[in-house]
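As a plain string of letters, each chain reads:
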Amino acid sequence: MAQVAHDAVTDADLGPFEIEDPELYHPKTFIGKYIWSQDAKVIAVQYGITAIAIGLVALALSILMRLQLGWPDAFSLIQPANYLQFVTMHGMIMVIYLLTALFLGGFGNYLIPLMCGARDMVFPYVNMVSYWVYLAAVLILVASFFVPGGPTGAGWTLYPPQAVVGGTPGTGAGIILMLISLCVFIVGFTMGGLNYVVTVLQARTRGMTLMRLPLTVWGIFMATVLALLAFPALFVSCIMMILDSLIGTSFFMPAMIAEGQQTAYDGGSPILFQHLFWFFGHPEVYIVALPAFGIVSDVLSTHARKNIFGYRMMVWAIVAIGALSFVVWAHHMYVSGMNPYFGFFFATTTLIIAVPTAIKVYNWVLTLWRGNIQLTVPMLFAIGFIFTFINGGLTGLFLGNVTVDLPLSDTYFVVAHFHMVMAVSPVLVVFGAIYHWYPKITGKMLDDTLGKVHFWMTFLGTYAIYYPMHYLGFEGMPRRYYAYGTDTAFMSQSAHTLNEAISIAAIFVAIAQMVFLYNIVRSLTKGKEAGPNPWNATTLEWQTPHTPPRHGNFDELPSVYRWAYDYGVPGAEQDFIPQNVPSEELAAARAKDEGAQGEGKADG
Amino acid sequence: MTAALIFLALLMGVVVWWLVRQTINVKPWVASAPQGIQSGVGFLPPSKLALGVLLAVITSLFALFISAYSIRMEVADWRPLPEPALLWVNTAVLFAASVGLQWAWRGAARENWPAVRRGTAVGAACALAFMIGQLIAWRQLTAAGYLVAGNPANSFFYLLTGLHVLHLLGGLVALMKTGGYVRAQAAAQARTGVELCAVYWHFLFVVWLILFGLLLST
């Protein structure tokens, strides 16, 4: 509930800004403005377009996989080696090059400066370099499709020894390019991440205290902190695997016979790689999830016209989830043969993480409770996210327990779980966020009908894909298999029929994404004019003098008087009060309003 | 993973403690006029904060390498290699580099530009000498038959020392840029640059002490 304070303070009384406005880089040419741009908003769009473009490649790969699984041997162009390559590249692209880049590089760049009330990131030049390094990483990854042997087919986890020795597709140039691409990505991300952290901590405008930050910024901020500390683990494992592969060190590679030949490796520890990989890999789940948590909170609050329930709890839950995410990594390794006490410890920490996560889910639902819910397209995606996230989260409770995990490990139950919780859920938020902020980014509204078609096709379609996979997993259908035959004779005939149905659903969902792309492109020219604040939202990005915001974001930096969730405040003239509206203005407006009503009564 | 866990537990502890301290007893839903200055500023200028964050990332990197080292060491095929005596000399040279930049930092604080120039020159020269010294140590080991892929102990030795030198190389680029500011007598930038470089040099010296200690003790 908002209390309207009546202290008559004007901007002039507040004293000077501590940090002087940064000297903005003023581009003079088209190339300077849109290509080598140092404006965080342009960089955000560059990140977004690149991430979505490479994401479409991953989408195409998933369809190729589903074609093989639904109608085995019907497509001669999909050989077993190709199938493994598709699995690997689909996973890696989706997790790192699409979701991480889009949430942090895309939404982070666009929203952090605007929502904090800053003119730009603190280090615009480093920010620009960050994007170009990311693009280089993407291009190196794409190059691996065209080298002899093709891209690596080791699975997105790249476990040695099979990622390095012959027999696995892409053990030559493919795996090296993948590892180099990841290292380059991490370097690029670190540059961006430094910017996001320092901008949130140091460049917030007057009155924007930490506890007045929109939850979107909190989510992106904490995810960045996690990424900065966790990505080094991936970097370390990539460097060591490159050395194993290229110059024959034995960090991870044990003594072994590969393709009938004794290799020169000796004594290396594949489990060491798993520890390092998952020390990065589990926080990575939250690097993707925390920005989604933040964004969905803001979308729900805005479109339910109600303040977020339990803001402080939401912030602390984000921080707690971030801290806990570093002590759960070995739950990905229950089948690697670990000490039972070790497993017990990691099962316990894994289940503890459900507490702050559940707090968030309850708070989202309680935000909707008795809200003035507007079923706009962003809101549909946000509500869809709650459903999907609860479903995926609940199966996580199964897999977090060692005894339940052992039989389910490496089955389609796992595939269904992680797709629900960290693929479909964040992607629904990505869509919701694009529908929510597209009007600010372009000045045009996205088409509502196409948006609703996109939502329902995607939401129902993804359920049709992943819900049945749980049953397939219970039946023991192993993941990453090219074909199911004599090795998996235990599978019932109906499982194969189900696979066909899943493939049809996958194609259906892929078509839905074409509707989305068409909407994005069409609305650029034919969309309705959005105006500065089409959702009547409170946060600062909707209060800019120009839409789309110009370089520098604001004419004069705004002063912040309130949190981001003043929706439906009793006594206020409108059902929302922007963060930069001072209290006395409200008081004056109300007095004027009451005066007018009084006169009206007198006349009557 | 103990080293990495201890470091990250400490770091996350600090982050959580700081955030809770910032956010406890705050009623975010109460509207009020901003208090005087811009929020969030005052405890460190952006460039120093950025260096702090970068050092946390680099510490995370080395902590993870040390964790990997201690896990890999447990396997039976580990045969420690003799550390060349030259490493003691290199340690002293890196210490001198740190002292040089500390001298420059003090000079910059008092606007004593000749001291800044001498200090940064000593810092840069000693850092270069350290790198050459490390290269010579590598050549001595290679000549003695300790090849990089010969044994995991060798591999880790080359990897850790190489990575440390690469970080120092990055520092030299920053120091060259700072040298430009000093020559141009851009006082504010030179002061900040020298300070950041000095902190970075001290940090890399401490990292080297830890790595050297690890190599000596195993």
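So, how was this worked out
Residues numbered from 1 in each chain as written. Chains lettered and ligands numbered in written order. Predicted model: local features only at pLDDT ≥ 70, side-chain atom pairs only at ≥ 80, totals over all residues. Heavy atoms only, no water. Helix = DSSP H or I, 4+ residues; strand = E, 2+ residues; numbered from the N terminus. Rg over C-alpha atoms; globule rule 2.2 N^0.38 Å. Buried < 20%, exposed > 50% of the residue type's maximum accessible area, 1.4 Å probe, protein only. Contact = heavy atoms within 4.5 Å. Areas by Shrake-Rupley, 256 points an atom, 1.4 Å probe, with all protein chains shown as cover. Lys, Arg positive; Asp, Glu negative; His and termini not counted. Charge placed at Lys NZ, Arg CZ, Asp CG, Glu CD. Salt bridge = Lys/Arg side-chain N within 4 Å of Asp/Glu carboxyl O. Nonpolar A, V, L, I, M, F, W, Y, C, P; charged D, E, K, R; others polar. Patch = residues over 30% accessible without salt bridge, like charges linked within 9 Å, V, L, I, M, F, W, Y side chains within 5 Å. Expected span 1.5 Å × (residues − 1). Disulfide = S-S within 2.5 Å. Polar contact = N/O pair within 3.5 Å; in protein donor to acceptor, adjacent residues only side chain to side chain. Phe/Tyr/Trp six-rings, centres within 6.5 Å; stacked < 30°, edge-to-face > 60°. pLDDT = per-residue confidence, 0-100. Axes fitted to C-alpha atoms, helices over the stretch in contact; angles between N-to-C directions. Parallel < 35°, antiparallel > 145°, perpendicular 65-115°, else oblique. Left-handed = near helix turned anticlockwise from the far one by under 90°.

The next point concerns the overall build of chain A. Counting its secondary structure elements, chain A contains 16 helices and two strands. Against the compact-globule benchmark of 25 Å for 604 residues, chain A has a radius of gyration of 26 Å, which places it among compact chains. Seen through its C-alpha atoms, chain A measures out along the principal axes to roughly 100 × 50 × 50 Å. Split into buried and exposed, the 604 residues of chain A put 61% on the buried side. Look at the contacts in chain A between residues 6 or more apart in sequence, and 79% of them connect residues 24 or more apart. Surface accessibility of chain A: about 22,500 Å² in total, with carbon and sulfur atoms responsible for 66%.

What follows deals with the overall build of chain B. On a plain count of helices and strands, chain B comes out with six helices and zero strands. What you see in chain B, going N to C, is helices and strands ordered as α-α-α-α-α-α. Projecting the C-alpha coordinates of chain B onto the three principal axes gives extents of approximately 70 × 45 × 20 Å. For chain B, the residues scored as buried account for 47% of the 218 residues in total. In chain B, the proportion of contacts linking residues at least 24 apart, taken out of those at least 6 apart, comes to 80%. Element-wise, carbon and sulfur atoms account for 70% of the exposed surface of chain B, whose accessible area totals about 9,900 Å². Between the centroid of the 13 positive side chains of chain B and the centroid of its 5 negative side chains there is a distance of 14 Å.

What follows is about the interface of chain B and chain A. Residue-level contacts link 52 residues of chain B with 70 residues of chain A. Across the chain B-chain A interface, the total number found is zero salt bridges. Listed by contribution, the elements that provide at least two residues to the side of chain B that touches chain A are α1 (2-23), α2 (46-73) and α5 (152-183) of chain B. If you tally residues by element for the side of chain B that touches chain A, the top one is α2 of chain B, at 15 residues. In terms of residue class, the side of chain B that touches chain A is built from 40 nonpolar, ten polar and two charged.

To continue, consider a nonpolar patch on the surface. Residues and elements named next belong to chain A. Together, Leu351, Ile390, Leu394, Leu397, Phe398, Val404, Tyr467, Tyr471 and Phe474 give the surface a local cluster of nonpolar side chains, amounting to about 800 Å² of exposed area. At the level of elements, α11 (377-400) and α14 (448-474) are the ones that each hand at least two residues to the nonpolar patch. Element by element, the count of residues in the nonpolar patch is highest for α11, at four residues. Here Tyr467 is to be found in helix α14.

This part is about helix α3 (residues 86-109) of chain B. Residue and element names in this part refer to chain B. The terminal C-alpha atoms of α3 lie 35 Å apart, and with 24 residues this matches the ideal 34 Å at 1.5 Å per residue to within 8%. Among the residues of α3, Leu87, Asn90, Thr91, Leu94, Ala97, Ser98, Gly100, Leu101, Ala104, Gly107 and Ala108 are the ones counted as buried. Against the buried residues of α3 lie α4 (113-143), α5 and α6 (187-217). Just past α3, the residue Glu111 takes up positive phi, approximately 55°.

What follows deals with the state of the cysteines. All chains considered together, the criterion is met by zero disulfides over all chains. No disulfide involves Cys238 of chain A; its sulfur sits 4.6 Å from that of Cys183 of chain A, the nearest cysteine. Relative accessible area serves as the criterion here: at 2%, Cys238 of chain A is assigned to the buried category. Cys126 of chain B takes part in no disulfide bond, and the closest cysteine sulfur, belonging to Cys197 of chain B, lies 15 Å away.

For the rest of this paragraph, the subject is the side chain of Thr462 of chain A. Along the chain, Thr462 of chain A turns up in helix α14. A distance of 2.9 Å separates a polar side-chain atom of Thr462 of chain A from the backbone oxygen of Phe459 of chain A.

All names here are of chain A. Within the secondary structure, Ala258 sits in strand β1 (residues 257-258). Ala258 sits 114 residues away from Asn372 along the chain, and the two C-alpha atoms are 64 Å apart. Beyond its immediate sequence surroundings of up to four residues, Ala258 is in contact with Val165 and Thr263.

Below, the discussion takes up unusual backbone geometry. All names here are of chain A. The residue after Pro160, namely Pro161, is reached through a cis peptide bond having omega 5°. Of note, Pro161 is situated in the loop between α4 (124-143) and α5 (173-202). In this chain, Thr547 is followed by Pro548 through a cis amide linkage whose omega measures -5°. One non-glycine residue with positive phi stands out, namely Glu259, at about 50°. Here Glu259 lies in the loop between β1 and β2 (261-262). Its relative accessible area of 61% is what places Glu259 among the exposed residues.

Next up on the list: the environment of Leu406 of chain A. Residue and element names in this part refer to chain A. By secondary structure assignment, the location of Leu406 is in helix α12 (residues 402-408). Relative accessible area serves as the criterion here: at 42%, Leu406 is assigned to the partly exposed category. Non-local contacts of Leu406, meaning those with residues more than four positions away in its chain, are made with Tyr334 and Val335.

Let us look at the packing of aromatic side chains. Within a pair of aromatic rings, the relevant descriptors are the distance that separates the centres and the angle that separates the planes. Applying the stated rule across the entire model yields 60 aromatic pairs over all chains. Ring geometry for Phe273 of chain A versus Phe277 of chain A: centroids 5.8 Å apart, planes at 20°, classification stacked. Of this pair, Phe273 of chain A and Phe277 of chain A both sit in helix α7 (residues 270-303), separated by four residues, roughly a single helical turn. The pair formed by Phe273 of chain A and Phe277 of chain A is uniform in burial state, with each residue classed as buried. Between Phe157 of chain B and Tyr158 of chain B, the ring centres sit 5.8 Å apart and the planes meet at 85°, which makes this aromatic pair edge-to-face. According to the relative accessible area criterion, Phe157 of chain B is buried, its value standing at 1%. With relative accessibility at 9%, the residue Tyr158 of chain B sits in the buried group.

Residues and elements named next belong to chain A. Taken as a whole, this structure holds ten salt bridges over all chains when the rule is applied. The partner of Lys452 in a salt bridge is Asp448, with the nearest N and O atoms 3.4 Å apart. Remark: Asp448 and Lys452 occur in helix α14; sequence separation between them is four residues, near one turn of the helix.

This paragraph deals with the confidence of the model for chain A. Of all residues in chain A, 94% attain a pLDDT of 70 or more, and the chain-wide mean is 91. Predicted confidence is poor over residues 1-16 of chain A, with pLDDT under 50, and the contacts of this stretch with residues over four places away or in other chains come to 34 contacts.

Residue and element names in this part refer to chain A. Close contact between α4 and α5 brings their axes to 8 Å; oriented N to C, the two are set at 165°. Between α4 and α5, the crossing angle belongs to the class labelled roughly antiparallel. For the pair α4 and α5, the crossing hand works out as left-handed. Here α4 contributes Val126, Asn127, Val129, Ser130, Val133, Tyr134, Ala136, Ala137, Ile140, Leu141 and Ala143 to the contact with α5, which in turn contributes Leu177, Met178, Ile180, Ser181, Val184, Phe185, Gly188, Met191, Gly192, Asn195 and Tyr196.

For the rest of this paragraph, the subject is the side chain of Thr224 of chain A. Note that Thr224 of chain A resides in helix α6 (residues 215-247). Setting aside residues up to four positions removed in sequence, Thr224 of chain A forms contacts with Leu104, Phe189, Gly193, Tyr196 and Val197 of chain A.

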